[in-house]
Amino acid sequence: MRKTKLSAILGAGILASLVLTGCAEGAPPAAGDGEGTTTGEAPVFEVATDVAIEGSPTFDAIKARGDKVVVGVKEDQPNLGYLDAVTGERTGFDVDVARWMAASLGVSEENIEFKPIASANREQAISNGDIDYYVGTYSITDKRKDQIDFAGPYFETGQGLLVGADSEITGVDSLVAGVNVCSATGSTPIQNIRDNYPEVTTTEFDTYSQCVEALLNGQVDAVTTDEAILIGYAAQDPEQLKVVGEPFSEELYGIGLAKGDDALRDHFNTTLEEGGDMWQSIFDYNLGSSGTTVSQPAVDRY
């Protein structure tokens, strides 16, 4: 498998085993490849005490619930946001970032309610107050910032292509008439395909896992989304799937939160800026390092 700046080799074989000091609360379950394979010791998030965030209606709601937080996540993206249907354990880079932010608010692991939200419903869920914040491969765009706010970014990646192992598609240059590309409804990648490759047929499902199933069944020719996600699927089934070409966009993942909650956004941004070691620990544990160079992006305090 090729190595790029934006790609992280997913699955088993994580090179860094982490031993972190601090409060035992907030320790996530073991990460894996989506099939229960553990990859070392998990980071431990020290739960903050005596937290006060003046002027944040979201934080006030969390306190009113008894320091309980509701976080929107994905659960079908191996090593990013994944729910093991057998054990009920949630793992992944995004899930651990969500845990980290909760700990910074003074919320322990047992008081986090994870709520799966489809890509097309994220802005509505945040605006309606169904969730306190969202962490799940959520690309920051100007259009979305009309409805919600973002803290971060906390990760940088790029759009890629997942195809069958015997596919003749080699990259973005292969996106021509007759090719059927699948992605999640409401996602940035599907809109990029429509805008830049109008001759390509597009298929949409609520989740990327449905797109991968359609690819394996021969219903579509390729799946497109952020390359980090696609490598996770390829790592699960390398005999049938592969990632091809180079990334053809820049995607910056942010933490989605209510529009106008500047106090909470500033709190999350400060946590990210002051937590470089924790960020690296979360990355190493969930996505690993196999000769790739991935750095925490600078926060945008817009």
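Scroll up for the structure.
As the structure is a computational prediction, the values presented were derived from the model and not from experiment.

Here is what the cut-offs are and how they apply
- Residues numbered from 1 in each chain as written.
- Predicted model: local features only at pLDDT ≥ 70, side-chain atom pairs only at ≥ 80, totals over all residues.
- Heavy atoms only, no water.
- Helix = DSSP H or I, 4+ residues; strand = E, 2+ residues; numbered from the N terminus.
- Buried < 20%, exposed > 50% of the residue type's maximum accessible area, 1.4 Å probe, protein only.
- Polar contact = N/O pair within 3.5 Å; in protein donor to acceptor, adjacent residues only side chain to side chain.
- Contact = heavy atoms within 4.5 Å.
- Pairing = 2+ DSSP bridges.
- Axes fitted to C-alpha atoms, helices over the stretch in contact; angles between N-to-C directions.
- Salt bridge = Lys/Arg side-chain N within 4 Å of Asp/Glu carboxyl O.
- Core = buried A, V, L, I, M, F, W, Y, C linked by side-chain atoms within 4.5 Å.
- Disulfide = S-S within 2.5 Å.

Of the regular secondary structure elements, the chain holds 9 helices and 13 strands. Counting all 302 residues of the chain, 55% fall into the buried class.

Moving on, we come to the side chain of Asn180. Along the chain, Asn180 turns up in strand 9 (residues 180–184). A distance of 2.8 Å separates a polar atom in the side chain of Asn180 from a polar atom in the side chain of Thr203. Ignoring anything within four residues of it in the chain, the contact list for Asn180 reads Thr201, Thr202, Thr203, Gln219, Val220, Asp221 and Ala222.

Strand order in the open sheet formed by 5 strands is 10-9-11-8-12, with mixed pairing between adjacent strands. Pairing within the sheet leaves two strands with one partner each, and these edge strands are strand 10 (201–205) and strand 12 (241–244). Going from strand to strand, the sheet's axes swing by 35 degrees on average, the running direction of each strand aside. Against the sheet, helix 6 (residues 208–216) engages strand 8 (159–164), strand 9, strand 10, strand 11 (222–226) and strand 12, with an angle of about 155 degrees to strand 11. Those strands touched by helix 7 (residues 227–236) are strand 8, strand 11 and strand 12, and its axis lies near 130 degrees from that of strand 11.

Moving on: the pattern of salt bridges. In this structure the tally under the stated criterion is 12 salt bridges. Put simply, Asp262 and Arg265 hold a salt bridge, and the shortest N to O gap is 3.0 Å. Of the two residues, Asp262 and Arg265 both sit in helix 8 (residues 262–274), 3 residues apart, roughly one turn of that helix. Relative accessible area serves as the criterion here: at 38%, Asp262 is assigned to the partly exposed category. For Arg265, a relative accessible area of 6% puts it in the buried group. Note that Arg301 is salt-bridged to Asp266, the shortest N-O span being 3.6 Å.

The next point concerns unusual backbone geometry. Of the consecutive residues Gly152 and Pro153, the connecting peptide bond is found in the cis state with omega at 10 degrees. Mapped onto the secondary structure, Pro153 falls in strand 7 (residues 148–157). Located in the positive-phi region is Asp67, a residue other than glycine, with phi close to 60 degrees. The topology assignment puts Asp67 in the loop between helix 1 (57–64) and strand 1 (69–73). Positive phi outside glycine occurs at Thr137, with the angle close to 45 degrees. Here Thr137 lies in the loop between strand 6 (133–134) and helix 4 (142–145).

Soluble, globular proteins show a tendency: their nonpolar side chains are buried together. Within the largest apolar cluster, 58 residues are counted, with the highest numbers of intra-cluster contacts made by Phe93, Leu105, Tyr133, Tyr154, Phe155, Leu162 and Ile255. Residue contributions to this core peak at 8 residues, all from helix 2 (residues 93–104). Those residues in contact with Leu162, other than ones at most four positions away along the chain, are Val212, Leu215, Asp221, Ala222, Val223, Leu230, Tyr233, Ala234, Leu241, Lys242 and Val243. Counting residues in hydrophobic clusters, the runner-up holds 11 residues, among them Val179, Ile193, Tyr197 and Ala222.

Let us now look at the sheet that holds strand 2 (residues 76–77). Taken together, 3 strands build an open sheet; the order of strands is 2-3-4 and the sheet is antiparallel. Every other strand in the sheet has two partners, leaving strand 2 and strand 4 (90–91) as the edge strands with one partner each. Relative to strand 4, strand 3 (residues 81–83) runs antiparallel, the two sharing 2 bridges. Bridge pairing links Leu83 to Arg90 in strand 4.

Next up on the list: the state of the cysteines. Cysteine pairs can be linked by a disulfide, which is a covalent bond between their two sulfur atoms. Scanning all chains against the criterion turns up 1 disulfide. Here Cys182 is linked by a disulfide to Cys211, with a sulfur-sulfur distance of 2.1 Å. Between Cys182 and Cys211, the S-S torsion sits near -70 degrees, and that sign places the bridge as left-handed. In this pair, Cys182 sits in strand 9 while Cys211 sits in helix 6, placing the two residues 29 residues apart along the sequence. Here the two residues Cys182 and Cys211 agree in accessibility, since each one is buried.

Glancing now at the environment of Ile229. Secondary-structure assignment places Ile229 in helix 7. Between the C-alpha atoms of Ile229 and Thr157, which are 72 residues apart in sequence, the distance is 9.5 Å. Apart from residues no more than four positions distant in its own chain, Ile229 is found in contact with Gln77, Leu80, Thr137, Tyr208 and Tyr253.

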